[in-house]
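Observations on the model geometry
Single-letter residue listing:
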Amino acid sequence: MATQLARLLAGSDVDELEEVVRRWLAEAPTAQHRKHFERFGAKLIEMKQALSEAPFQPTEEELILTLTMMLNLAAQRPDSPFYTP
């Protein structure tokens, strides 16, 4: 998942990323998932906006590492849709 998200961040503009998040919200199986996807999507959009303003762009590998850490942290929270006991 981190690899797919890194490609999305590196290869899409903010509008495309917002469209992806809208699809996640529309396809969320439950209201709780929708809430989590909304927060997660907002963070990704924030990250994309910050990256677009940065003086240099991270490599795809750096993005993968960062996103992997984010997803691993999310997986530790029992209230997260990424939670894995």
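To start, this report covers the structure provided alongside it. (Residues numbered from 1 in each chain as written. Predicted model: local features only at pLDDT ≥ 70, side-chain atom pairs only at ≥ 80, totals over all residues. Heavy atoms only, no water.)

1. Some remarks on the overall build of the protein chain
From N to C terminus, the protein chain includes four helices and zero strands. Ordered by position from N to C terminus, the α and β elements of the protein chain give α-α-α-α. Computed over C-alpha atoms, the radius of gyration of the protein chain comes to 13 Å, within 12% of the 12 Å expected from 2.2 N^0.38 for 85 residues, which places it in the range of a compact globule. Principal axes of the C-alpha set define a box for the protein chain whose edges measure 40 × 25 × 15 Å. Per-residue burial over the protein chain gives 31% buried out of 85 residues. Once local pairs closer than 6 in sequence are excluded, the contacts in the protein chain between residues at least 24 apart make up 56%. For the protein chain, the accessible area works out to roughly 5,800 Å², and carbon and sulfur atoms hold 55% of it. Within the protein chain, one finds 9 positive and 13 negative side-chain charges whose respective centroids are separated by 8 Å. (Helix = DSSP H or I, 4+ residues; strand = E, 2+ residues; numbered from the N terminus. Rg over C-alpha atoms; globule rule 2.2 N^0.38 Å. Buried < 20%, exposed > 50% of the residue type's maximum accessible area, 1.4 Å probe, protein only. Contact = heavy atoms within 4.5 Å. Areas by Shrake-Rupley, 256 points an atom, 1.4 Å probe, with all protein chains shown as cover. Lys, Arg positive; Asp, Glu negative; His and termini not counted. Charge placed at Lys NZ, Arg CZ, Asp CG, Glu CD.)

2. Remarks on the packing of helix 1 (residues 2–11) against helix 4 (residues 60–75)
Where helix 1 contacts helix 4, the axes come no closer than 8 Å and their chain directions differ by 125°. Between helix 1 and helix 4, the interaxial angle falls into the category oblique. The way helix 1 lies across helix 4 gives a crossing that is right-handed. Counted together, Ala2, Thr3, Leu5, Ala6, Arg7, Leu9 and Ala10 of helix 1 and Glu60, Leu63, Ile64, Leu67, Thr68 and Leu71 of helix 4 form the full contact between these two elements. Its residues assigned to classes, the contact of helix 1 with helix 4 shows nine nonpolar, two polar and two charged. (Axes fitted to C-alpha atoms, helices over the stretch in contact; angles between N-to-C directions. Parallel < 35°, antiparallel > 145°, perpendicular 65-115°, else oblique. Left-handed = near helix turned anticlockwise from the far one by under 90°. Nonpolar A, V, L, I, M, F, W, Y, C, P; charged D, E, K, R; others polar.)

3. Some points on the packing of aromatic side chains
Summed over the entire model, instances satisfying the criterion amount to two aromatic pairs. Centroid distance Trp24 to Phe37: 6.4 Å. Interplanar angle 55°. Geometry classified as tilted. In this pair, Trp24 is assigned in helix 2 (residues 14–27) and Phe37 in helix 3 (residues 31–53), connecting sequence segments 13 residues apart. By relative accessible area, Trp24 is classed as partly exposed at 22%. (Phe/Tyr/Trp six-rings, centres within 6.5 Å; stacked < 30°, edge-to-face > 60°.)

4. Details of the pattern of salt bridges
On inspection of all chains with the given rule, the structure shows four salt bridges. Where Arg7 meets Glu60, a salt bridge forms, and the shortest distance between an N and an O atom there is 3.4 Å. Taken together, the positions of Arg7 in helix 1 and Glu60 in helix 4 put the pair 53 residues apart, joining distant regions of the chain. Residue class for Arg7 comes out exposed when judged on its relative accessible area of 52%. (Salt bridge = Lys/Arg side-chain N within 4 Å of Asp/Glu carboxyl O.)

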